[in-house]
Each structure stands twice: as C-alpha cells, then as structure tokens.
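Residue-level structure breakdown
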Amino acid sequence: MSDFSLRDVQILPATASNYSEVMAISNGINDGLDYLPYKYHEWLADSNRSMFIAKFKGKVVAFLSTLLVDGGITALLQSLRVAPIMRGHGIAGVIRRYALDNLRFKNPDVTKIRATRKENPPAALLKRNSVVHSKAVVSMLLPNNQMEDSIKALRLRVKRDYVGALPVVLSPLEVLDLFENPCTLEHLFPKGLLIWDFLSLAAHKSNLKLLLGSGLLWIYSKSTHSDTPSSSGTQCSHPAPTHINPPPQHPPLPHISPELLSLSSAPIPVPLAKGTHCLNIDLFGTNPRFVQGHILHHLAKQIPVLPPGGSIICVVVAEETLRDAVTDFLQGITPFHIWKHILVLEGSLQNPRHPHIKAKM
Ligand SMILES: CC(C)(COP(=O)(O)OP(=O)(O)OC[C@H]1O[C@@H](n2cnc3c(N)ncnc32)[C@H](O)[C@@H]1OP(=O)(O)O)[C@@H](O)C(=O)NCCC(=O)NCCS
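Residues numbered from 1 in each chain as written. Predicted model: local features only at pLDDT ≥ 70, side-chain atom pairs only at ≥ 80, totals over all residues. Heavy atoms only, no water.

1. Examining the overall build of the protein
Looking only at helices and strands, the protein features 10 helices and 15 strands. A total of 361 residues make up the protein; the buried ones form 52% of that total. Surface exposure of the protein reaches about 17100 Å², of which carbon and sulfur atoms provide 56%. (Helix = DSSP H or I, 4+ residues; strand = E, 2+ residues; numbered from the N terminus. Buried < 20%, exposed > 50% of the residue type's maximum accessible area, 1.4 Å probe, protein only. Areas by Shrake-Rupley, 256 points an atom, 1.4 Å probe, with all protein chains shown as cover.)

Quick look at the structure:
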C-alpha cells in the first residue's frame, strides 16, 4: 500500500449498483451474522437513512450508514466497515467524518450520535464517547434437524417452571398505550433506551413509527399483585417525561420490574452458512419469571420452514440481571459463541452554530 494517500479516497453516496462491491469487503463481519447483505436495498429506500461508500482507485474500500432517530435529534452510526487490506490507514475516520458533516449540514437539529458495539470497543472510541448502556447477549444454535426436539424440551420446561400471567401479543394500539405510561417505560427501559436488533433508540413514542412499521412481534407480561413477591423496586419515580432523553439522574436499575416486554422480527438470512438465519429476541424489563414464556413464544411464532441443512442462530439480548434466567432456560441447547455483551456508545455532535466544537464518534 506504498502508493496510498487519504487524499485519493473519494466518499460517495452508496447506490444499489454498489451492492456487490460492498459485500466483497464484508467477509466475516459480525462473526458471520452481518445483517447488511439482507438490509442493504431496504435501507436505500429509507428517507431517514444515509449510506456512504469510500472509493480508492475506483474500488469500494469502505461503507458506513447513518439513521436519524429520536425525532431527528440523534443519528445512529451503523455497519461501518473497511476492506481488510485497507484497514489501519485512517479510512474509517474519513468516511465517518464525511457522514457526520453531511448529517449536520442536512439536519442541524442533530445533537447526538449513538452506536451499538459488541464488547471491547477500541480505546479511541471510548475516549470520546460514553458507554450509556450495556446488555447481556446469550445465543444458541438451532439446526433444522434438532429444531423440533429443542422446542419440545423448552415447552416442557415452561410447563414445569412457568408461573404467572401468560404473555400476550400486543396490537399496535396496545403498544402505543404502553408508551403513554411513564411508569411502564421506566420499568421496561431503566436507562431510557430501547435496544432492538442492535439499534439503540430512545424509549420514546417518537420512535414508534419506525418500530411499528417493522412488522415486529411485541409480547408483554405484567405481574398481578398476587404474584409479585415484593413491591420493592417496582415503584415509579418519574412523572411523564417531557423530553426524549432521560434525565441523567435516572435511578439505578430496579431489582425486579413488574413487567417484561419482548420483541422479535422474522429471522433474516445471514452469510455464516447457506440456509442459516438469525433470530434476535430483545427483552425489556428485569422480571425473570416471564423470561421462559417470552423466549418460547418468539421461537414458536418466528421460526420459519428452513431448507434442509438450514439452521437458526437465536440471539437473546436482555438486561444483565436476566442473563442467568436466559442461560438456565436454554441449557442443553447448543450455545453459539459470539460476543457476550453489547454496549451503547453515545457522543455529541457539533452544533453548526458553534463550528469550533469538533464532532467525534
Ligand atoms: C473498525 C474498522 C472499520 C476500522 O477501520 P480502520 O481503517 O482500521 O480504522 P482507521 O485506520 O480509519 O482509524 C481508526 C478510526 O476509526 C475509528 N474506529 C476504529 N474502530 C472503530 C469501531 N469499531 N467503530 C467505530 N469507529 C472505529 C477510530 O476511533 C479512528 O477514528 P479517528 O480517525 O477519528 O481517530 C475496521 O477494522 C473494520 O472494518 N472492522 C470490521 C468491521 C467492524 O468491526 N466494524 C465496526 C463496527 S460495526
């Protein structure tokens, strides 16, 4: 790479015709669970999203996408990647700065950038961003030929151990209602963030259009007084929020929330192997007694008919206090070893009226 200069790197909006080249630099991303191959064309059609490529000598060498959320005040950075042979030369920095400049120019109201990272992000990232949340990740592998037996075993476990109200599937109207209740929001999203499918959104109704338009399965359970062991930690301490981002003095995670909410969408094909699909199940709240019923419900509803030899990688994301409950429930099913945590990083974006303050992420 002796003839390389950053000045020869050109940043352009990504188009449908760049698909193959972007995929060509994406080998092995996210341990084979990269969602970009499946989402690329869908993302191009989203007016809240921007997608950029970097080119060097006419070839695509990097990709980055941004998504405007939280009513237009936050931008999420997603799917950053640099061609393996071009890494370590500053291209990630160049495409990131270009994307952020573009964002600021078009959306002066954006003040924050947020990104979800698996464990151990580089020190440079941690230096200029705060870790605002971390969640546990528990994953399992369900090959086609073991699917029936595994689901059967989980069903028996639920029959044996599950107590309390059965989980209910929420309609869009019921979801809207849930987001009108500040106590419920505080219990389900103690850090004010809804992390779904590795997107970190403010748990605020301004993001419901995006969520409700994504064909998600919403499942909800709530303890009745008779099956709540203690009311400690279930109090609601906040009045209705007046702004999207939670105040920084938010209390620590309550011990056990009375509710549990969970989300999943139809599994998507991933590059790991032919016929392999990834199913993300995101849990919100801290009530362990509902964990089993929710995971089983998502598996039963979402597992598609797969081609012979196919498999599902199921990735459950939950508050750290639920890790044991999730792991215990899935015991005996082949674990799929990927990262154990996801972190949400947040940084501030330069205000166009104060251009001397540098934007970093
Ligand atoms: C992470 C990756 C994009 C870094 O690319 P790179 O060309 O080696 O990085 P550069 O030499 O351009 O320099 C690093 C710059 O990128 C930033 N960076 C490094 N790792 C990063 C990460 N995981 N996420 C965001 N930014 C990152 C650094 O902070 C630095 O910023 P600066 O120039 O403002 O100081 C590259 O290693 C890669 O493609 N990895 C596989 C995909 C991946 O892990 N993507 C990250 C999140 S989805």
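Alright, that's what it looks like, and here's the rest.
2. Regarding the nonpolar core
Residues Val22, Tyr40, Ala54, Phe63, Met86 and Ile91 are the most contacted members of the largest nonpolar core, which totals 37 residues. Those elements that place two or more of their residues in this core are strand E1 (9-13), helix H1 (19-24), helix H2 (36-44), strand E2 (49-56), strand E3 (59-69), strand E4 (74-82), helix H3 (91-106) and strand E5 (112-118). Considering every element that reaches this core, the biggest residue donor is E3, with 6 residues. By size, the runner-up hydrophobic cluster in this structure holds 28 residues, among which are Leu154, Val291, Leu296 and Ala318. (Core = buried A, V, L, I, M, F, W, Y, C linked by side-chain atoms within 4.5 Å.)

3. Quick word on the site of the ligand
Of all residues adjacent to the ligand, which total 19 residues, the nearest are Val82, Gly88, Gly90, Ala92 and Arg96. Here an oxygen atom of the ligand and a backbone polar atom of valine 82 are 2.8 Å apart. One of the backbone N or O atoms of glycine 93 is found 3.3 Å from an oxygen atom in the ligand. When isolated, the ligand has an accessible area of 840 Å², and the protein chains bury 74% of it. Looking at the shell around the ligand, the elements that each hand over two or more residues are E4, H3 and helix H4 (123-128). The dominant element in the shell around the ligand, judged by the number of residues it contributes, is H3, at 5 residues. In terms of residue class, the shell around the ligand is made up of 8 nonpolar, 4 polar and 7 charged. (Near = heavy atom within 4 Å. Polar contact = N/O pair within 3.5 Å; in protein donor to acceptor, adjacent residues only side chain to side chain. Nonpolar A, V, L, I, M, F, W, Y, C, P; charged D, E, K, R; others polar.)

4. Notes on the pairing of strand E10 (residues 217-222)
Here E10 lies mainly inside the structure; 5 of its 6 residues are buried. Here strand E7 (residues 168-169) pairs with E10 via 2 bridges, running antiparallel. Opposite valine 168, over in E10, you have tyrosine 220 as the bridge partner. Bridge count between E10 and strand E11 (residues 259-264): 6 bridges; the pairing is antiparallel. Across the sheet, tryptophan 218 pairs through a bridge with leucine 263, a residue of E11. (Pairing = 2+ DSSP bridges.)

5. Things to note about the packing of helix H5 (residues 144-161) against helix H9 (residues 291-302)
Relative to each other, H5 and H9 sit at 150 degrees, their axes nearing to 10 Å. Taken together, the axes of H5 and H9 are roughly antiparallel relative to one another. In the packing of H5 onto H9, the handedness of the crossing is left-handed. For the pair formed by H5 and H9, the contact residues are Ile151, Leu154, Arg155, Arg157, Val158 and Asp161 on the first element and Gln292, Gly293, Leu296, Leu299 and Ala300 on the second. Residues of the contact of H5 with H9, tallied by class, amount to 6 nonpolar, 2 polar and 3 charged. (Axes fitted to C-alpha atoms, helices over the stretch in contact; angles between N-to-C directions. Parallel < 35°, antiparallel > 145°, perpendicular 65-115°, else oblique. Left-handed = near helix turned anticlockwise from the far one by under 90°. Contact = heavy atoms within 4.5 Å.)

6. Quick notes on the confidence of the model for the protein
Of the residues in the protein, 88% have a pLDDT of 70 or more, and the chain-wide mean is 88. Confidence scores differ between elements of the protein, with H4 showing the lowest mean pLDDT of 87 and H1 the highest of 98. Taken as a whole, residues 229-233 scores under 50 in pLDDT and shows 5 contacts with residues more than four places along the chain or in a different chain. A low-confidence stretch, residues 353-360 (pLDDT under 50), is modelled with 12 contacts involving residues beyond four sequence positions or located in other chains. (pLDDT = per-residue confidence, 0-100.)

7. A word on the packing of aromatic side chains
Any two aromatic rings considered together are summarised by their centre-to-centre distance and by the angle between their planes. Tallied over the entire structure, the rule returns 10 aromatic pairs. Each ring, one from phenylalanine 4 and one from phenylalanine 56, has its centre 5.0 Å from the other, and the planes form 65 degrees; the classification is edge-to-face. With phenylalanine 4 in the segment before E1 and phenylalanine 56 in strand E2, the pair connects residues that are 52 residues apart, well separated along the chain. Comparing phenylalanine 4 with phenylalanine 56, the two get one shared label, buried. (Phe/Tyr/Trp six-rings, centres within 6.5 Å; stacked < 30°, edge-to-face > 60°.)

8. Considerations on the pairing of E3
E3 sits mainly inside the fold: 10 of its 11 residues count as buried. Two strands pair when backbone bridges link them, and E2 and E3 are joined in this way by 8 bridges, in the antiparallel orientation. In the strand pairing of E3, phenylalanine 52 is matched with leucine 64. Two successive antiparallel strands, E2 and E3, enclose a turn made up of 2 residues, where lysine 57 displays a positive phi of approximately 50 degrees. The hairpin turn running from E3 into E4, its antiparallel successor, is 4 residues long, and aspartate 70 in that turn takes a positive phi close to 55 degrees.

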